[in-house]
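Letter by letter, the chains look like this.
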Amino acid sequence: MTNFRATAATAALLCLAAFGASPASASGEVNVYTYRETKLVQPLFDAFTKDTGIKVNVVSASSGLEQRIKAEGANSPADVLLTVDLGRLDDAVQAGVTQPIKSVVIDETVPAQFRDPDGQWAGISMRARVIYASKDRVKQDKITYEELADPKWKGKICIRSGQHIYNNGLFAAYVARYGEAKAEEWLKGVKANLAQKPSGGDREAARDVAAGKCDIGIGNTYYWALMMNNDPEKKPWAEATRVILPTFEGGGTHVNLSGVILAKHAPNKDNGLKLIEWLAGDKAQHIYADANYEYPIRAGTGVNPTIAGYGKLVTDPTPIAKIVANRKAASTLVDKVGFDN
Amino acid sequence: MTRTTPSGRIAAAIAVATAIVVAAPVISIITLAMQPAPDVWQTLIHYVLPRSLLDTALLLVGVGALSLAIGTGAAWIVSLHEFPGRRLLLWLLPLPLAIPTYLAAYVYVDLFEPLGLVHQTLTAWMPMQDAVRLLPTLRSLPGAVIIIALVLYPYVYLSARTMFQFQSAEFAEAAKTLGAGRWTIFWRISLPMARPALAVGTALVSLETLNDIGASEYLGVRTLTVSVFTTWLNRGSLAGAAQLSCFMLAIVAVLIAVERYGRRNVTTEFSAESPRLTQRTTLSGIKGVGAVIVCLLPVCLGFLVPLLYLAHQSFKRGLFANFDMALWRDAFNSIAFASLATSAALLLGFATILAWRWRPTRLRFVAMNIAQLGYALPGLVLALGLLAPVLAIDNMLNTVAASLGWSLPGLVMVGSGAAVVIAYVIRFLAVPTGFIKAGFERIPRDYDDSARAVGAGQATTMRLIHLPLLRPAVLGAVIVVFVDCLKELPATLLLRPLNVETLATSIYQYASRGSFEEGALAALLIVAASIGPVAWLTRFSDIPSGPA
C-alpha cells in the first residue's frame, strides 16, 4: 500500500506540473484553435510573437473545433479559429461562435469575394482544387470540371472521400453554378468514372496515378509542391504527374480558402484582431506562400515559383459566400448518389 | 453482516459518488438525445443509418468470429500441448494488445498501398501495373475485420487460456478412455466447457471494436462510431449525434447481456485449491513445428510486423537521431494522464468493492454494478456525454467567481485536462473493480472472521490479510488500465485542453493529414510503453484478463 501511495502521489505531482503550464486568459496572450498542421503554423506564430510580444497558445485538431467552442460557451478561451477550409468557416458561423471582424486592414487587404458579407470570416490564403494528370497517359493540357463526368475517363479518376471538406467545397461550387439537379447528374458521372472507391488523401491521388491505378487524381495545389520539394520519399509521386489547373466552362478555377474567425466570446479580442490583421500582412503572406505553397490572398505578394509553374491562376468568380451556402446540398448529394460507396 | 464503521461509511459514500459520476455521461447523452434534430434525421435515416448499422453489424460479427478463431485456437494449442518454443509463445501471444487498433490500420495501409513495400517487392517479378492489381484493398470492411481482429484476439486468447488451463483432467481422461481423439475432446469437451470464457473474451473484443474510431475511419468503414463523430462534427448536430449514441448504447447493452450470460456459471470454480490439471500432450516433429507456426502467425501479424515497420520508419527518417521536444511533451502528457487516471480508478474501484465486501447492502450492490458500466461506453459517446456536465461545473465555478468579484477562472475542468482524466477513469474503472472483486472472491470470508476473532479491526485485516492476497489482482488492474489509457483516442481527442497533445492524438493527426510515417516514433513509444506491462500481465494470466 505504501508503494502504491507513493506512486499515486508521484503521478499527482507529475500532473500538477504538466497543467501548471496551461494557459490562463492573462493579457499579452492570444488563444488560437486551429485545423492547420502545428508544424506549419508555428513559424507564423513565432514570428507574430516576435513582432508583437503577444504569446500564442494553440490547440490543433482535425475536426470539431467550432463545436468545441460552442460547447465551451461564454467561458471558452478561444480567440481565433484558423481553418484550412471554407467549410469550417461556415460551420463556425452556423454554430454561432463568431463575431464580426471589424478591421479596416482586413477590408482593404482581402478582396470582397473572399470575405463574408457580414464580416463573420475572412480568407487568409487560397489553394486551388486541381488535377494531377499522368505524364505518360494524359495528353490533354486543358480539362474542365464538367468534363470529369465525361465517359472517356471511365475507370481513370482517383479522388478522396466525397464528404471531405475539400471535395465538398468543389461540389458546392458546382451546385452554386448549375443547381442541384445538374450537380447530381454530374456527380453520378464522376462516380461512374472512378477507378476505385474514394479513399485516402490528396497525396494518395498522386500516388495512385504514379502506380498506374488511375490516370488523373484530384488534389490541392500545395500537396503536389510539398511532395516535389519537401518530401524526397514522395517526390516520385509528384514526378509521375503534372498539375493541370482545371476551370469551369467559361469560368475560372475553384479555390478554397484558409481563413479565420474571431470567436464570439474571445477573452483577448484585441490581440485576436491583431493576429488576424498580422496574418493578412505581407510578412505572414510570404511565409504562407513559401512554407506551404499557397496562393496569397493579398494582392502583390509573390507566388512561389513551383506554384507559378502550374500556369496563371484565374479564380472562379463565384463569391465564396455563395459556395458556402450550397455546402449542405453538396454533402447530401454525395450521400444520395452513393459517391463513397 | 458487518457493523457499519466510519471507514465503511466513507467507502460506501465513495462507491455511491463513483456510481453517480459514471452514470452522468449516460444520463447526459439520453437528455441530449431528447432534443429534436429533424433536419439531420432526414439525411441520417435515408442515407447514413442503414449503411452504418449494417457496417457496424458486419464489423462486429467479422472481428468477433476471427478473434474467436485465432484466440481459441492459440489458447488451446499452448494450454493443452507441450512443444519446443511453447514458453516463449506464452509470452508472445498477448503482445498484440500493445498495438492500438488505429496503429495497426495505419501500418497495414502503408505496407499494402500502391508503391508501398509490398508493391515494390512485387515489382521485382512483374510490371508495376500488374502488381498493383494484386494488392488487397485494405480500406474496406474485410480489411478492417482482419486488421482489428489481429490486434484484439488476445482478449479471447487470455480468457480462453484461463479456462483451458484449469479444466480439470478428469473429463478429458474419461473421454480418452472412451476412445475419443484429441479433436473430439476439443470439440466435445474443452470447447463447451470454455464457452463462458469465450463469450466474455468475444464481448470484450466487440466493445473494443465498437469503441474504435481511428481504424474504422481510416479504413473507410462507416460504423456508428464514425457516424456519431461526423454527425456532431461535420453536420453540427449534437442532438443527432446523441441519438445515434443511444443506438450504440443499445448494441452495448446486448453485448453486455451476452457477456453476463456467458459468465453466468463462472463463480469461484478455481478458487483456493487447484484442481488436478490436465497433463499436456507432447507434440513432436512436424506437429510441434506446425503448432509453433500456427501460434507464431498471429503474433507476427498483430505485433511484430507493426513494431518492425514503425521502427524501420523511425530509423529511416532519422527520427531516433533528432528527438523532437514536442514528442517528449506528448509522451509526458500521455503518461501523466494515464498515471493519474490509473491511480484514481484504482482507489475508486477499491472503495467500491470494499463497501460491498464490508456490508453487502442493495445500494452498495447497485453502486458496484454501475461503477463497472463505464467500460461499455465507447470513448466517443463518453466524451460527448461528459461534455455537458463538465462544462456545467466549469460555468458554475465562473458564475460563483463572478458573484464574488474574483477574476474568472475560465474552463477549469476542460482547461486543466481534468476532463480527460475523468473520462479515462469512467471508461476504465470496470477493470480495477472487476479485478479486485475477483481477487476478493478468492479470499474466503473465514479469513475475515478469524481476523476479527483475534480482535483485528477492518483496517488491520485489510493491511495484513487482504492487501497481500490482492497484490496480483491490483497489479494486473494497474497494468491493464495504464495501457488502455495510453492507447485511448476518441475521448482524448475531444476533451484535451489547449496546447496539449498526447502520443495518441498526435499520431492520429499525422495520419489524418496523410503523413503517418512522421508520427512513427510517437507510435513506437506507445507500443514500447505497453509491451512491458502486457508481457508482465501474462504472469497473471490465471486471472480473468479483462474486467470481470
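Residues numbered from 1 in each chain as written. Chains lettered and ligands numbered in written order. Predicted model: local features only at pLDDT ≥ 70, side-chain atom pairs only at ≥ 80, totals over all residues. Heavy atoms only, no water.

This part covers the interface of chain B and chain A. Contacts between the two partners involve 57 residues from chain B, matched on the other side by 58 residues from chain A. Summed over both partners, the interface of chain B with chain A buries about 4,900 Å², with 52% contributed by carbon and sulfur atoms. Of all residues in chain B, Y47, L498 and R513 of chain B bury the most surface against chain A, accounting for 15% of the area lost on that side. For the interface between chain B and chain A, the tally reads three salt bridges. Inspection of the chain B/chain A interface yields 10 residue pairs in polar contact (both at pLDDT 80 or more). When contributions to the side of chain B that touches chain A are tallied by element, the ones reaching two or more residues are α2 (38-80), α6 (128-134), α11 (224-233), α14 (325-358), α16 (379-403), α17 (412-415) and α23 (503-512) of chain B. By residue number, the principal contributor to the side of chain B that touches chain A is α14 of chain B, which donates nine residues. For the side of chain B that touches chain A, a count of residues per class yields 24 nonpolar, 19 polar and 14 charged. (Contact = heavy atoms within 4.5 Å. Buried area = accessible area lost by both parts, 1.4 Å probe. Salt bridge = Lys/Arg side-chain N within 4 Å of Asp/Glu carboxyl O. Polar contact = N/O pair within 3.5 Å; in protein donor to acceptor, adjacent residues only side chain to side chain. Helix = DSSP H or I, 4+ residues; strand = E, 2+ residues; numbered from the N terminus. Nonpolar A, V, L, I, M, F, W, Y, C, P; charged D, E, K, R; others polar.)

A few words now on the pairing of strand β7 (residues 216-220) of chain A. Residues and elements named next belong to chain A. Judged by how many residues are buried, β7 sits mostly within the fold: five of five residues are covered. By the alternation rule, side chains of β7 split into I216, I218 and N220 and G217 and G219, which are all buried. Pairing of strand β5 (residues 122-134) with β7, which is carried by five bridges, proceeds in the antiparallel orientation. Across the sheet, residue R129 finds its bridge partner in β7, namely N220. (Buried < 20%, exposed > 50% of the residue type's maximum accessible area, 1.4 Å probe, protein only. Pairing = 2+ DSSP bridges.)

The next subject is the packing of aromatic side chains. Residue and element names in this part refer to chain A. One pass over the structure, following the stated rule, counts 16 aromatic pairs over all chains. Where Y174 meets F248, the ring centres are 6.0 Å apart and the plane angle is 55°; that geometry is what we call tilted. Of this pair, Y174 sits in helix α6 (residues 165-178) while F248 sits in the loop between β8 (241-244) and β9 (255-263), and the two are 74 residues apart along the sequence. On the basis of relative accessibility, which here comes to 7%, the residue Y174 falls in the buried class. (Phe/Tyr/Trp six-rings, centres within 6.5 Å; stacked < 30°, edge-to-face > 60°.)

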